[in-house]
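Examination of the molecular architecture
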Amino acid sequence: MIFNPAEENEYAAACDLLVHRFDRWARENGIDADPFVVEAALEYRHIGTPDGRLGLWDQRHIEEFLLDWVPRSVTVLPDEEPADVPGTLRALLRYLDAVHLADPRGASLPEGLEAVDAAAPRHAEAMADRSRWGMAKFWITTAAEQGFDVRDEHALQDFVGRAQREEVPYDPEVLQAIVERQLRTSGPVRSEPQLPIALPGDDVLREQADRSPVLRQLRGLAEWAGREGRALTGSGRLRLSDARGLVERLDTGDSTDSVRSSADLPRLNLLVEWAKTARLIRVAKGKLYAVAKAEPVLNDPLGLWRRAFDAFRELRGPVRGARGGRYRKSVPFDAYDAYDVYDVILPDVLATLYSLPYPMPWPALRDTAHLAHRSRSLLGAFATFEQADDDLRTVLGVLESLGAIECHRGVADPVFADLAMSENDIEGWAGIPAEDDDDLETSPGVLPGMSTGRVGPSGKALPDDALLDGALLDQEATRRALRLKSELSAGPVELIRLTDLGTDSVRRRLLAEGRDAPLIGELAQAPAAGLLGVLADDYDPESARAELAGWIAVHGARPAALEQLVHTVRTMPFRTRAEAMLDVLVSSLDDGERLLRSLRSDPSLAPTALSLLARREILSPEDLTEPESLLMVAESLLQLCEATGADGMREVLHQQGREAEEALRAALASGHPDREGLTNLQALAERVSRERRAHVALARQRGHRRNGRRGGKRRR
């Protein structure tokens, strides 16, 4: 379950539905739970985490929700009894598991409950720690503690005015701690979904890692340092004689002619710093030693490769120096010092390469980096990007030596040239709003009436509407796109892709950052409901087909596995979710249409199957029997109610009037298997009918009053 942050109405309807059904489930099972806490938990996963998966909870999410999100955002007034947040979270995890909405890639139910139990004793302490509060919670609580009725708008405004005039007491140290905490931490940004990827097993990855030239060099360096250690110069560098020997021994490619210090051997220096950062060697008492505890890692090629890859992001200076023998000034490296180049540039490049179905041509990757620089306004003052390109090539060269990427010359896939010329891409590159943007009057970040501060080729300030017209920027973007397309179409170019090792380590990093990174085969042991739910949410058709085939292969005979999958759709209580699960199932099977047709007569799944058959245009309205037509009407209304919520459904019923009443009567007479859903529809129809009658009565009453005020003659 996931919603784009822009899908506010869809998320709100789904949240209301989940909270409502959870509340009823809790009461039926004698569980004391607070629906407001459930709403807060769903909101946390929706907007407070990078992946936004409502049904995926692991130890990290549980701890952050109990110890950070709730203490920061949930206000408990002095006259209120605090809710049992850990208890409600336990109930929510049980509910998600019971209704088959738990994501199988998260913690299992026992693991989740154990994590709640472990964090629960610290929750009360976190709630009482005012430095953990958010700004709004701090002031609301301060107002309530000083006797202001925060539920009264006028009283709250009075408090705000007094606070602005510094007429109310508060704890300045706590407020300062809250401000500093907010400045240190920024809210999570919803990550772009990644395509599922396929990887070989660890045994194959281990063989590939063992062929890495960098790993051979790192091992050789640690072996040379040894446990006895090697003496360093007074400035902590390798002695020149030792450095010359290591250049030959490790085959670093450094030129030793006319060098006066080991500092003039950039590739060797990079390896030394790399080995230090990876904790393979260390400096102590003027000597360079091999780290004794690193011996198991040195003997495990895959473990060593992963450690080297993780250490690479910390090698800012050494990588820069590996190019030319000295740490010269570099536009992107130096401009990003405040942001850390390996926290910005490198992750962007690797994320761009990750899960691409085709190798990335160098010109496209280069322009992607240029655009990232422009969007951050870090390199906007520079006329060219030659130095930035040089730095990027240096980083890629070291990654190629490690074995994280592969480079070769070839013809770029046409998709990259098409992407370069797409209209939306040009507008995005130029910073011009697309035609369907909500606000076309003001450029992003510029308030109405403000000068843009931009200048034209003559140096004169452009008028404020020049950016809106987009003449110069549009021309620049078009020229850039045409230049890129020409470069990609002219002939072979350098093509870059992640290796299996690189893909594996980038995926591990994405997961560590809380991002979603599906792996084909990871759902082989998942419950049937979890499998179909993830496939429906995250998988493209080809990957879904491969994942489903792998799941069926480990679940016994194919007929039994298919029956298990169909049964989990049959027992899914959410209509829209059930259809999505059945849809991905039949789409991923060679004989999916035959399975779908066979379910037309299934007592429980007939409405879902009929809906899919109609949506796929396998059946037309003329092909349906009268009972099937009624089932279709009922299924449509039930799904509409889930998607829009009760308020949205009421609005539809009010707008469509008699037509909606007829559809409701048909649905209630359809014999649809979702009896609870029909009961809710019946209650909703009765409510709308009462509202309509009240509206008519009020209109008549107003009409009588108007007639009376006209002063017409009375009959005697």
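Residues numbered from 1 in each chain as written. Predicted model: local features only at pLDDT ≥ 70, side-chain atom pairs only at ≥ 80, totals over all residues. Heavy atoms only, no water.

Some points on the pairing of strand β6 (residues 493–498)
Bridge count for strand β4 (residues 360–361) against β6 is two bridges, and the pairing is antiparallel. Looking at β6, one finds that Met360 is bridged to Ile496. Relative to β6, strand β5 (residues 405–410) runs antiparallel, the two sharing six bridges. Considered in β6, the bridge of Cys407 is made with Ile496. (Pairing = 2+ DSSP bridges. Helix = DSSP H or I, 4+ residues; strand = E, 2+ residues; numbered from the N terminus.)

A word on the packing of helix α25 (residues 528–538) against helix α27 (residues 558–570)
Two quantities define a packed helix pair, namely the angle between the helix axes and the distance between the axes. For the pair α25 and α27, interaxial distance at closest approach is 9 Å and the crossing angle is 75 degrees. Between α25 and α27, the interaxial angle falls into the category roughly perpendicular. Counting all contacts with α25, which are made through Ala528, Ala529, Leu531 and Leu532, the residues of α27 involved are Gln564, Leu565, Thr568 and Val569. The class makeup of the residues in the contact of α25 with α27 is six nonpolar, two polar and no charged. (Axes fitted to C-alpha atoms, helices over the stretch in contact; angles between N-to-C directions. Parallel < 35°, antiparallel > 145°, perpendicular 65-115°, else oblique. Contact = heavy atoms within 4.5 Å. Nonpolar A, V, L, I, M, F, W, Y, C, P; charged D, E, K, R; others polar.)

Looking at the packing of aromatic side chains
Any pair of aromatic rings gets described here by the distance separating the centres and the angle formed by the planes. Scanning all chains against the criterion turns up 14 aromatic pairs. Taken together through their ring pairs, the aromatic side chains of Phe138, Trp139, Phe148, Phe159 and Tyr170 make up a single cluster. Directly above the ring of Trp362 sits Arg393, whose terminal nitrogen or CZ lies 4.0 Å from the centroid. (Phe/Tyr/Trp six-rings, centres within 6.5 Å; stacked < 30°, edge-to-face > 60°. Lys NZ or Arg CZ within 6 Å of the ring centre and 35° of its normal.)

Re the pattern of salt bridges
Pairing is possible between side chains that carry opposite charge, provided their charged atoms lie close to one another. Enumeration according to the criterion identifies 47 salt bridges in this entry. Where Arg227 meets Glu295, a salt bridge forms, and the shortest distance between an N and an O atom there is 3.0 Å. With Arg227 in the loop between α10 (213–225) and β1 (230–231) and Glu295 in helix α13 (residues 295–298), this residue pair connects regions lying 68 residues apart in the sequence. Between Arg306 and Asp504 there is a salt bridge, with its nearest N and O atoms 3.1 Å apart. On the criterion of sequence distance, the pair formed by Arg306 in helix α14 (residues 301–312) and Asp504 in helix α24 (residues 500–512) is long-range, its members being 198 residues apart. The exposure classification of Arg306 matches that of Asp504, with both residues buried. (Salt bridge = Lys/Arg side-chain N within 4 Å of Asp/Glu carboxyl O. Buried < 20%, exposed > 50% of the residue type's maximum accessible area, 1.4 Å probe, protein only.)

Quick look at the side chain of Asp68
Position of Asp68 among the secondary structure elements: in helix α3 (residues 59–73). Residue classification places Asp68 among the buried positions, given a relative accessible area of 17%. Of note is the side chain of Asp68, whose polar atom sits 2.9 Å from the side chain of Arg72. For Asp68, the side chain forms a polar contact with the side chain of Arg181, separated by 2.4 Å. Setting aside its immediate chain neighbours within four residues, Asp68 contacts Glu63 and Arg181. (Polar contact = N/O pair within 3.5 Å; in protein donor to acceptor, adjacent residues only side chain to side chain.)

Things to note about empty space enclosed by the protein
Scanning the entire structure with this criterion turns up three cavities of 30 Å³ or more. When its volume is computed, the second largest cavity comes out at roughly 70 Å³. Residue lining of the second largest cavity: 15 residues in total, with Met1, Asp103, Gly533, Val534 and Arg577 positioned closest to the centre. Top contributing element to the lining of the second largest cavity by residue count: α25, with six residues. (1 Å grid on protein atoms, 1.4 Å probe; cavity = no way out; pocket = protein on both sides within 12 Å on 5 of 7 lines; lining within 4 Å. Points joined across faces, edges and corners; volume = space filled by probe spheres on them.)

Some thoughts on the sheet that holds strand β3 (residues 287–290)
Pairing is antiparallel in the open sheet, where three strands are placed in the order β1-β3-β2. Each edge of the open sheet carries a strand with a single partner, namely β1 and β2 (281–284). Two strands pair when backbone bridges link them, and β1 and β3 are joined in this way by two bridges, in the antiparallel orientation. In the sheet register, Ala231 faces β3, and the bridge partner there is Lys287. Sheet contacts for α10: β1, β2 and β3; angle to β3, the most-contacted strand, approximately 115 degrees.

With respect to unusual backbone geometry
Of note, the phi angle at Asp251 is positive, near 55 degrees, even though the residue is not glycine. Within the fold, Asp251 resides in the loop between α11 (240–250) and α12 (266–277). Accessibility expressed as a relative area gives 54% for Asp251, which makes it exposed.

Points about the sheet that holds β5
As summarised here, the arrangement of the three strands in space is β4-β6-β5, forming an open sheet in which the pairing is antiparallel. Either end of the sheet is taken by a strand with one partner, and the two such strands are β4 and β5.

Details of the nonpolar core
With 82 residues, the main nonpolar core has Phe22, Trp57, Phe65, Leu66, Leu565 and Leu585 as its most contacted residues. Ranked by the residues each element gives to this core, the list is headed by helix α1 (residues 8–28), at nine residues. What Leu585 contacts, discounting residues up to four positions off in sequence, is Leu532, Leu548, Leu565, Val566 and Leu595. (Core = buried A, V, L, I, M, F, W, Y, C linked by side-chain atoms within 4.5 Å.)

Geometry only, nothing functional implied.
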